[in-house]
Amino acid sequence: MRSTFELAKPTLILLSSLLLLSFKCGGANTKAPTVSSIQVSSFLSQQQFDDFFPQHDKFYSYAAFIKAIRQMSNIKVKVVKRAVSVYQLTRTDKVTGKAVVVRQDEDWNEDWAKKKPDSSYTIEYDNFCTEKDLQTDKKELAAFFANIAHETRHGENGKYNDGLMFIHESNTSLPYVADNDNYPPVAGKKYYGRGPLQLSYNGNYGYASDCIFGDKRVLLNNPELVETDAVTAFKVAIYFWMTPQTQKPSAHDVMIGKWQPNANDKAKNRKPGFGMTINIINGAVECGQGESMFSMNDRIGFYQHFLQKLGVTDPNCACSCGNMAAYK
């Protein structure tokens, strides 16, 4: 995944969690209840996971995936944007009810920024593959699996049995460092592709860290966590999947039908469907180049493979991004 979320210097994204409050009733203190929601584990067993990824590295375990989903479901992030790229992020822990502003850009209170209308949205991480009806949820999971399988595969083309094998990209010599006022790189650290969606660049690591941990320093200082801690690796992938970028919708919103193209998108042939998830993740490399692009077709093949495995269909899928303009 080479897409870079855009933030204070167009480079990044964001994310989410939910809010439960402690309260007093009749003078007695009551602890905030544990957040509960339908989980992916209700329609994906360990046996199925192992069947879907028969050669997966032991690092990428079913237990780590489910734990990541459950822990991310306790987070929501409210994103407020002024002007084009001046952000404020408020992260809420749904179990404790505690809300903290984890990021407020330096220009937030500038007059020129305040004159621009605010836009806001909230990312609810517990909606990952559980927001809609079962068929839609399974289609979303198939799309997520297709993209992480392609990003981490190491095997024979067309077999679709070789996903979740690479923990980091093969070439670790490149630092993937870019100027970013909010998420500056730490000296000596490299931000090459790691985890199921191969998160890259310091900006993405910092944004993910704000959302997941409430502290940008965790992953900026220790990007290695994404390749040494499997739960963190899956959390980062869920974060990327659920979080819109400045110009791009989230892959989640695309797969559940929440995102609809505006006039500009329509003019550039962007439309709801699996093909848009490719555009979001790696459009600059794979989209707008016709129907023979191998990487794009490999993702599509994985998607169709996982749909069949999950017992669902997507007959009206706009699976290709071959005719879509990539985002700049």
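Everything numeric in this text was worked out from a predicted model, so none of it was measured. (Residues numbered from 1 in each chain as written. Predicted model: local features only at pLDDT ≥ 70, side-chain atom pairs only at ≥ 80, totals over all residues. Heavy atoms only, no water.)

Take the overall build of the protein next. Across its full length, the protein holds twelve helices and six strands. The buried share of the protein, taken over its 328 residues, is 54%. Restricting the contact set of the protein to residue pairs at least 6 apart, pairs at least 24 apart contribute 69%. Counting every atom, the protein has about 14,200 Å² of accessible surface; 48% of that belongs to carbon and sulfur. (Helix = DSSP H or I, 4+ residues; strand = E, 2+ residues; numbered from the N terminus. Buried < 20%, exposed > 50% of the residue type's maximum accessible area, 1.4 Å probe, protein only. Contact = heavy atoms within 4.5 Å. Areas by Shrake-Rupley, 256 points an atom, 1.4 Å probe, with all protein chains shown as cover.)

Here we take up the side chain of Asp-253. One can find Asp-253 in helix H9 (residues 251-255). In this structure, Asp-253 is buried with no salt-bridge partner, the nearest side chain bearing the opposite charge being Lys-258 at 4.3 Å. (Lys, Arg positive; Asp, Glu negative; His and termini not counted. Salt bridge = Lys/Arg side-chain N within 4 Å of Asp/Glu carboxyl O.)

What follows covers the state of the cysteines. In total, this model carries two disulfides according to the counting rule given. The disulfide that involves Cys-287 links it to Cys-321, with 2.2 Å between the sulfurs. For the disulfide bridge between Cys-287 and Cys-321, the dihedral angle about the S-S bond is near -85 degrees, and by the sign convention the bridge is left-handed. One end of the pair, Cys-287, is in the loop between helix H11 (274-286) and helix H12 (294-310); the other, Cys-321, is in the segment after H12, and 34 residues separate them in sequence. (Disulfide = S-S within 2.5 Å.)

Looking now at unusual backbone geometry. One non-glycine residue, Tyr-160, lies in positive phi territory at about 60 degrees. By the element assignment, Tyr-160 lies in the loop between helix H4 (134-152) and helix H5 (202-213).

Detailed reading of the predicted coordinates is not advisable wherever pLDDT is low. Residues of the protein with pLDDT of at least 70 account for 88%, and the chain-wide mean is 90. Counting interchain partners and residues more than four positions distant, the pLDDT-below-50 stretch residues 2-36 has 140 contacts. (pLDDT = per-residue confidence, 0-100.)

Size it by volume and the largest pocket reaches roughly 350 Å³. Taken together, 20 residues form the lining of the largest pocket, with Tyr-121, Thr-122, Pro-244, Asp-253 and Lys-258 sitting closest to its centre. At the level of secondary structure, the elements contributing two or more residues to the lining of the largest pocket comprise strand E6 (119-124) and H9. For the lining of the largest pocket, the element with the most residues is E6, which contributes six residues. Class assignment for the residues of the lining of the largest pocket results in five nonpolar, nine polar and six charged. (1 Å grid on protein atoms, 1.4 Å probe; cavity = no way out; pocket = protein on both sides within 12 Å on 5 of 7 lines; lining within 4 Å. Points joined across faces, edges and corners; volume = space filled by probe spheres on them. Nonpolar A, V, L, I, M, F, W, Y, C, P; charged D, E, K, R; others polar.)

Contact pair helix H2 (residues 62-72) / helix H8 (residues 230-242): the axes reach a minimum separation of 8 Å and the direction vectors enclose 55 degrees. As far as their axial angle goes, H8 and H2 are oblique. Two packed elements cross with a definite hand, and for H2 against H8 that hand is right-handed. Together, Ala-64, Phe-65, Lys-67, Ala-68, Ile-69, Gln-71 and Met-72 of H2 and Ala-230, Val-231, Phe-234, Lys-235, Ile-238 and Tyr-239 of H8 make up the contact between the two elements. (Axes fitted to C-alpha atoms, helices over the stretch in contact; angles between N-to-C directions. Parallel < 35°, antiparallel > 145°, perpendicular 65-115°, else oblique. Left-handed = near helix turned anticlockwise from the far one by under 90°.)

Ordered in space as E5-E4-E3-E6, the four strands form an open sheet in which the pairing is antiparallel. Strands with a single pairing partner mark the edges of an open sheet, and in this sheet they are strand E5 (99-104) and E6. Sheet twist, expressed as the mean angle between neighbouring strand axes with direction ignored, is 20 degrees. One ladder, built from six bridges, connects strand E3 (residues 75-82) with E6; its direction is antiparallel. Each bridged residue has a counterpart across the sheet, and for Lys-81 the counterpart in E6 is Ser-119. Taken strand by strand, H5 contacts E3, strand E4 (86-93) and E5, and its axis lies near 30 degrees from that of E4. (Pairing = 2+ DSSP bridges.)

Attention now moves to the packing of aromatic side chains. A full pass over the atoms with the stated rule returns 25 aromatic pairs. Just above the ring of Tyr-192 sits the side chain of Arg-194; from NZ or CZ to the centre is 3.8 Å. A cation over a ring is seen here: Arg-270 above Tyr-327, with NZ or CZ 3.8 Å from the ring centre. (Phe/Tyr/Trp six-rings, centres within 6.5 Å; stacked < 30°, edge-to-face > 60°. Lys NZ or Arg CZ within 6 Å of the ring centre and 35° of its normal.)

Quick reminder: α-helices carry 3.6 residues per turn. Residues three or four places apart thus point the same way. Here H5 is twelve residues long and its end C-alpha atoms lie 16 Å apart, about the 16 Å a rise of 1.5 Å per residue gives. Burial analysis of H5 places eleven of its twelve residues in the buried class, the great majority of the element. Directly beyond the C-terminal end of H5, a positive phi value near 75 degrees is found at Gly-214. (Expected span 1.5 Å × (residues − 1).)

The next point concerns the pattern of salt bridges. A complete count under the given rule lists 13 salt bridges for this structure. In this structure, Asp-118 engages Arg-82 in a salt bridge whose closest nitrogen and oxygen atoms are separated by 3.1 Å. Of the two residues, Asp-118 is situated in the loop between helix H3 (111-114) and E6 and Arg-82 in strand E3; the sequence distance between them amounts to 36 residues. Among the salt bridges present, the one from Arg-270 reaches Asp-265, with a minimum N-O distance of 3.1 Å. Judged by its relative accessible area of 4%, Arg-270 is buried. Through salt bridges with shared partners, a single network forms among Glu-151, Glu-286 and Arg-299.

Looking at the element boundaries, Thr-277 is found in helix H11. Look at Thr-277 and you get buried, because its relative accessible area is 0%. Within the structure, Thr-277 has its side chain in polar contact with the side chain of Asn-147 (distance 3.2 Å). Aside from chain neighbours lying at most four places away, what touches Thr-277 is Asn-147, Trp-241, Ala-251, Val-254 and Met-255. (Polar contact = N/O pair within 3.5 Å; in protein donor to acceptor, adjacent residues only side chain to side chain.)

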